[in-house]
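# Examining the three-dimensional arrangement
This is what each chain is made of:
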Amino acid sequence: MKKLSELYDVNSDVLIKDIKINSKEIEKGDLFVCTMGVTADRHDFIDMAIENGASAIVVSRDIPKKSVPLIKVENTNEELSKICQKFYDYPNKELKMIGVTGTDGKTTTATIIQTLIGKNDCGYIGTNGRSWKDKVRDDNPNTTPDETVLYRFLRDFRDDNCRYAVMEASSEAYFRKRLNNLEYDISCYTNITSEHLNIHGSFENYLDCKKQTFKNTKSSGYCILNRDDSYYEDMLAASNGTPFSYGTHKNADLQIVNYEIHSHKTKITFSYQEKEYQIESPLVGEFNVYNLAAGLLVCLSLGFSMEDLIPRIKDIKVSGRMELLDTKTPYYVMVDYAHTPNGIKNLLKFVHTLDINRSIVVIGQAGERDYLKRPKVGNTVVENASYAIFTYEDPRSEDPKDICEDIIKELKEKHDNYEIVLDRHEAIEKAISIAKEKDMVLILGKGNETYQKLKKETIYFNDIEEAYLAVKKRKEKEGIEV
């Protein structure tokens, strides 16, 4: 809590309890910042904010006198990160900040980094919520939260004596200008493929937002690049810190020499500073070889040694990512967050190297998101899986039927290995009910998220729990002891 006079050069000692940009969330004592949203000008909600208890209002245009102090700034959107940093006493300057960007693998790579550094010393913010020490919270509303939430999270980490923070830096966060004033000590990217074109308008704009993580890296910091990625040179050119690379390329600083992928582990040989290291990773799939390499190189650039890091690799576990459920059934059930064509293709490619029969995929696409991606996802799934069940996934204001029709619009005359089951609960039940011995059911797109965003409400929904319920229901129907 701070006095308004501690935040601005004003003659007012009114107390500020928190900072908000949503008038509906305002509580007594909050500072309301009238940012400009994509579809809303929050200056229009000043009276509602005051009615709900706002102590002061930050504006960027002339507003008639109100019952609470008004502070005028040039641009409220740019002001937001500055005032949040000040309110929370600049926790980002007290922490070693690590930003992870890329189309696929951000959550896994960020989790790897946290595990290698240690949860007692490193906080995580991303798709899987936030975690630090023995604490886990699911109160993160976005992959990369807005400034009013982000700096509060960072303050929590620092107050609990963490020295590092690793966060997923999404392209949308840069598009919304949430991260403009945040600098990184270390930045890292996994890969770049087409995504979120509905927001960015073009792939070039999307790539520019990805580059911003590297541009925002301190000149004294390090930029960790995927040497094998098609956009390596673009990201290298954008790097403000010292660049280091990983990959199979002979000139990579951390070289992936070779690897053997098994059903529950991967054996990898890395070369670093002219020395080879043989390690065993609990993560599987070629993409996780790269994610682990990225995480290791981040930690090496922070001053850790391979000898420090290798013993910690066995402890890596990423919730909702390639999570094989303990169903005790003759068929298998896996939950994964894969939702992009590239991520889905890589996952299915790996799954079909295992000793399985059919792959049965349950997947949808989010409403009010990249509609251009939907038919690509449909094609990728039916071309790489044995059978697909298309369903809803956070439809928001869109009709789930319309979303599914977008997914299958290029399939109707070419493929017949799919069906639509709009209700996700029923879709998961259907997939489980048709699975035979050694079939693999893959429930994709949501991972371990605990919500579904429907037209007028957000409900509790978790794919892992739904899968276990469907397995239980099938066992009871078949007279198998649960």
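Structure: see above.
This next bit is on the overall build of the protein. Scanning the protein from N- to C-terminus turns up 17 helices and 25 strands. The C-alpha atoms of the protein give a radius of gyration of 24 Å, which matches the 23 Å a tight globule of 482 residues would have. Seen through its C-alpha atoms, the protein measures out along the principal axes to roughly 75 × 55 × 45 Å. Out of the 482 residues belonging to the protein, those deemed buried represent 56%. Here the contacts in the protein between residues at least 6 apart in sequence split such that 63% fall between residues at least 24 apart. For the protein, the computed accessible surface area is about 21300 Å², with 45% contributed by carbon and sulfur atoms.

The full count for this structure, using the stated rule, is eight aromatic pairs. A ring pair is formed by Y189 and F214, whose centres lie 5.9 Å apart and whose planes are at 75 degrees; its orientation type is edge-to-face. Of the two residues, Y189 is situated in strand β12 (residues 184-189) and F214 in helix α9 (residues 203-215); the sequence distance between them amounts to 25 residues. The exposure class assigned to Y189 is buried, which follows from its relative accessible area of 0%. The class of F214 is buried, set by a relative accessible area of 0%. Here F203 and Y206 contribute two aromatic rings whose centre-to-centre distance is 6.0 Å and whose plane-to-plane angle is 50 degrees, an arrangement assigned as tilted. Here F203 and its partner Y206 are both found in helix α9, three residues apart, which amounts to about one turn of the helix. F203 sits in the buried class, given a relative accessible area of 18%. An aromatic cluster of at least three residues, connected via ring pairs, comprises F203, Y206 and Y231. Above the face of the F87 ring, K2 is positioned so that its terminal group lies 5.9 Å from the ring centre. Of note, K446 hangs over the ring of Y451, and the distance from its end group to the ring centre comes to 4.0 Å.

A positive phi angle, near 50 degrees, is found at K133, a position not held by glycine. Inspection of the secondary structure puts K133 in the loop between β9 (129-132) and β10 (135-137). The exposure class assigned to K133 is partly exposed, which follows from its relative accessible area of 24%. One non-glycine residue, D394, adopts positive backbone phi at about 50 degrees. Summarising the element assignment, D394 is placed in the loop between β21 (387-390) and α15 (400-408).

This part is about the nonpolar core. Most often, soluble globular proteins keep nonpolar side chains buried together rather than apart. Judged by nonpolar contacts, the single largest core of 39 residues is most densely connected at L254, F270, L292 and L296. What L254 contacts, discounting residues up to four positions off in sequence, is S245, Y246, G247, F270, S271, Y272, A293, L296, L297 and M306.

Our focus in this paragraph is the sheet that holds strand β5 (residues 56-59). Reading across the sheet, the four strands line up as β3-β4-β5-β6 and stay open at both edges, with parallel pairing between neighbours. Each edge of the sheet is formed by a strand with only one pairing partner; in this case those strands are β3 (18-20) and β6 (70-72). Neighbour to neighbour, the strand axes of the sheet diverge by 20 degrees on average, direction disregarded. The sheet contact formed by β3 and strand β4 (residues 30-33) spans three bridges and is parallel. The partner of D18 across the bridge, within β4, is D30. The sheet strands contacting helix α3 (residues 76-87) are β3, β4 and β5, and the helix crosses β3 at an angle near 160 degrees.

The pairing of strand β14 (residues 242-247) with strand β15 (residues 254-261) spans two bridges and is classified as parallel. Bridge pairing in β15 links G247 to Q255. Of the strand pairs in this sheet, β15 and strand β16 (residues 266-272) are connected by seven bridges, and their pairing is antiparallel. By the bridge assignment for β16, I261 is matched with T266. The hairpin turn running from β15 into β16, its antiparallel successor, is four residues long.

Cut-offs and rules
Residues numbered from 1 in each chain as written. Predicted model: local features only at pLDDT ≥ 70, side-chain atom pairs only at ≥ 80, totals over all residues. Heavy atoms only, no water. Helix = DSSP H or I, 4+ residues; strand = E, 2+ residues; numbered from the N terminus. Rg over C-alpha atoms; globule rule 2.2 N^0.38 Å. Buried < 20%, exposed > 50% of the residue type's maximum accessible area, 1.4 Å probe, protein only. Contact = heavy atoms within 4.5 Å. Areas by Shrake-Rupley, 256 points an atom, 1.4 Å probe, with all protein chains shown as cover. Phe/Tyr/Trp six-rings, centres within 6.5 Å; stacked < 30°, edge-to-face > 60°. Lys NZ or Arg CZ within 6 Å of the ring centre and 35° of its normal. Core = buried A, V, L, I, M, F, W, Y, C linked by side-chain atoms within 4.5 Å. Pairing = 2+ DSSP bridges. Axes fitted to C-alpha atoms, helices over the stretch in contact; angles between N-to-C directions.

Taken by themselves, the reported measurements are silent on function.
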